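Each chain is listed here by its residues.
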Amino acid sequence: MDIKLEESWKEQLSNEFDKDYFINLVQFIKSEYSTYKIFPPGKQIFSAFDHCSFNDAKVVIIGQDPYHGIGQANGLCFSVADGVRKPPSLQNIFKEIATDLGKPIPESGNLERWAGQGVLMLNATLSVRASTPGSHQNKGWEEFTDAVIKSLNEQKEQLVFLLWGAYAQKKGAIIDRTKHLVLESAHPSPFAAHRGFFGNKHFSKCNTYLSQKGLPEIDW
């Protein structure tokens, strides 16, 4: 099966494409895109990988579903396209960065600039039906993104994983804490941010770790 995926990722994940779950997933996704309004646009399903190669990945942020509102999702978890109003979770992420690092909150919520520095923003599920959160869960995406995390965990060292909320923490349970830095806290959503996301200082802690390992810090 020919999947349009960035080459270094394609090399890492090629064993997945001929598995039954992935073949069934592709058929499901094709049917959904031809029948319903699906986000992100088809060309952006694998944007997280296109903007951050396997070789360049230094930091991994794990999300759950893409945004399901018109024009929001752009294939990177928590990110929105230029000119789109920042959703509440993203607003809270920028608030924490401002408090932690003293950086002004940017006009745009497009996080492609993070990806270009080696931040992989990975949703567990890479597509969703408009206005229907969770609609593409348990169709095979989770198995695929588990394979992504497994590959990163086993083939790389000194990554920083940011796991916000119980879902991300469960998905990241396989990560080897002796090889990588794993930072966990509450989710940045308005329902949870005050229970430990605010004040987690994950962005400065991430940069301190990268600096200690002789790696460039992220310009958050």
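Up top you'll find the structure we're talking about.
Overview of the structure.

### Some points on the overall build of the chain
Looking only at helices and strands, the chain has eight helices and six strands in total. The N-to-C order of helical and strand elements in the chain reads α-α-β-α-β-α-α-β-β-α-β-α-β-α. What you see for the chain is a C-alpha radius of gyration of 17 Å, in line with the 17 Å of a compact globule of 220 residues. Projected onto the principal axes, the alpha-carbon positions of the chain cover approximately 45 × 35 × 25 Å. Out of the 220 residues in the chain, the part that is buried amounts to 52%.

### A word on the pairing of strand S3 (residues 119-123)
With five of five residues buried, S3 is to be regarded as a mostly interior element. Where strand S2 (residues 59-63) lies against S3, five bridges are found, and the strand directions are parallel. Of the residues in S3, the one forming a bridge with Ile-61 is Met-121.

### Focus on the pattern of salt bridges
Under the counting rule described, the total for this entry stands at six salt bridges. The partner of Glu-32 in a salt bridge is Arg-129, and the shortest N-O contact between them spans 2.9 Å. Of this pair, Glu-32 sits in helix H2 (residues 20-35) while Arg-129 sits in strand S4 (residues 128-129), and the two are 97 residues apart along the sequence. The exposure class of Glu-32 is buried, given its relative accessible area of 5%.

### Looking at the state of the cysteines
Summed over all chains, the structure comprises zero disulfides. The closest cysteine sulfur to the non-disulfide-bonded Cys-52 is located on Cys-77, 11 Å from its own sulfur. Considering cysteine sulfurs only, Cys-52 is the nearest to Cys-206, which forms no disulfide, with 12 Å between them.

### Some remarks on the sheet that holds S3
Pairing is parallel across the open sheet formed by four strands, whose spatial order is S3-S2-S5-S6. At either margin of the open sheet sits one strand with a lone partner, and together these are S3 and strand S6 (181-185). Taken pair by pair, the neighbouring strands of this sheet meet at an average axis angle of 20 degrees, ignoring direction. Where helix H8 (residues 202-212) meets the sheet, its contacts fall on S2, strand S5 (160-164) and S6, and the angle it forms with S6 comes to roughly 175 degrees.

### Remarks on the nonpolar core
Counting residues in hydrophobic clusters, the biggest one holds 68 residues, and the most contacted among them are Phe-49, Ile-61, Trp-114, Leu-120, Phe-144, Leu-152 and Trp-220. With sequence-adjacent residues up to four places away left out, Phe-144 is seen in contact with Leu-5, Leu-13, Glu-16, Phe-17, Tyr-21, Phe-22, Phe-46, Phe-49 and Leu-126.

### Regarding the layout of surface pockets
In this approach, a probe sized like a water molecule rolls over the atoms, and the result shows the empty space that is left. Empty space within the largest pocket amounts to approximately 530 Å³. The wall of the largest pocket is formed by 24 residues, among which Gln-64, Asp-65, Tyr-67, Ser-89 and His-187 lie closest to the centre. For the lining of the largest pocket, the per-class residue count stands at 14 nonpolar, nine polar and one charged.

### What to know about H2
Counted at 1.5 Å a residue, the expected span for H2 with its 16 residues is 22 Å, and the 23 Å between its end C-alpha atoms agrees. Here H2 has its buried residues at Tyr-21, Phe-22, Leu-25, Val-26, Ile-29 and Glu-32. Buried residues of H2, viewed axially, fall in a sector of 135 degrees; they line one side. Seen from the buried face of H2, the exposed residues on the opposite side, beyond 90 degrees, are Asp-20, Asn-24, Lys-30, Ser-34 and Thr-35. Each element contacted by the buried residues of H2 is listed here: strand S1 (38-39), S4 and helix H6 (141-155).

Rules of the game
- Residues numbered from 1 in each chain as written.
- Predicted model: local features only at pLDDT ≥ 70, side-chain atom pairs only at ≥ 80, totals over all residues.
- Heavy atoms only, no water.
- Helix = DSSP H or I, 4+ residues; strand = E, 2+ residues; numbered from the N terminus.
- Rg over C-alpha atoms; globule rule 2.2 N^0.38 Å.
- Buried < 20%, exposed > 50% of the residue type's maximum accessible area, 1.4 Å probe, protein only.
- Pairing = 2+ DSSP bridges.
- Salt bridge = Lys/Arg side-chain N within 4 Å of Asp/Glu carboxyl O.
- Disulfide = S-S within 2.5 Å.
- Axes fitted to C-alpha atoms, helices over the stretch in contact; angles between N-to-C directions.
- Contact = heavy atoms within 4.5 Å.
- Core = buried A, V, L, I, M, F, W, Y, C linked by side-chain atoms within 4.5 Å.
- 1 Å grid on protein atoms, 1.4 Å probe; cavity = no way out; pocket = protein on both sides within 12 Å on 5 of 7 lines; lining within 4 Å.
- Points joined across faces, edges and corners; volume = space filled by probe spheres on them.
- Nonpolar A, V, L, I, M, F, W, Y, C, P; charged D, E, K, R; others polar.
- Expected span 1.5 Å × (residues − 1).
- Arc of directions from axis to C-beta.

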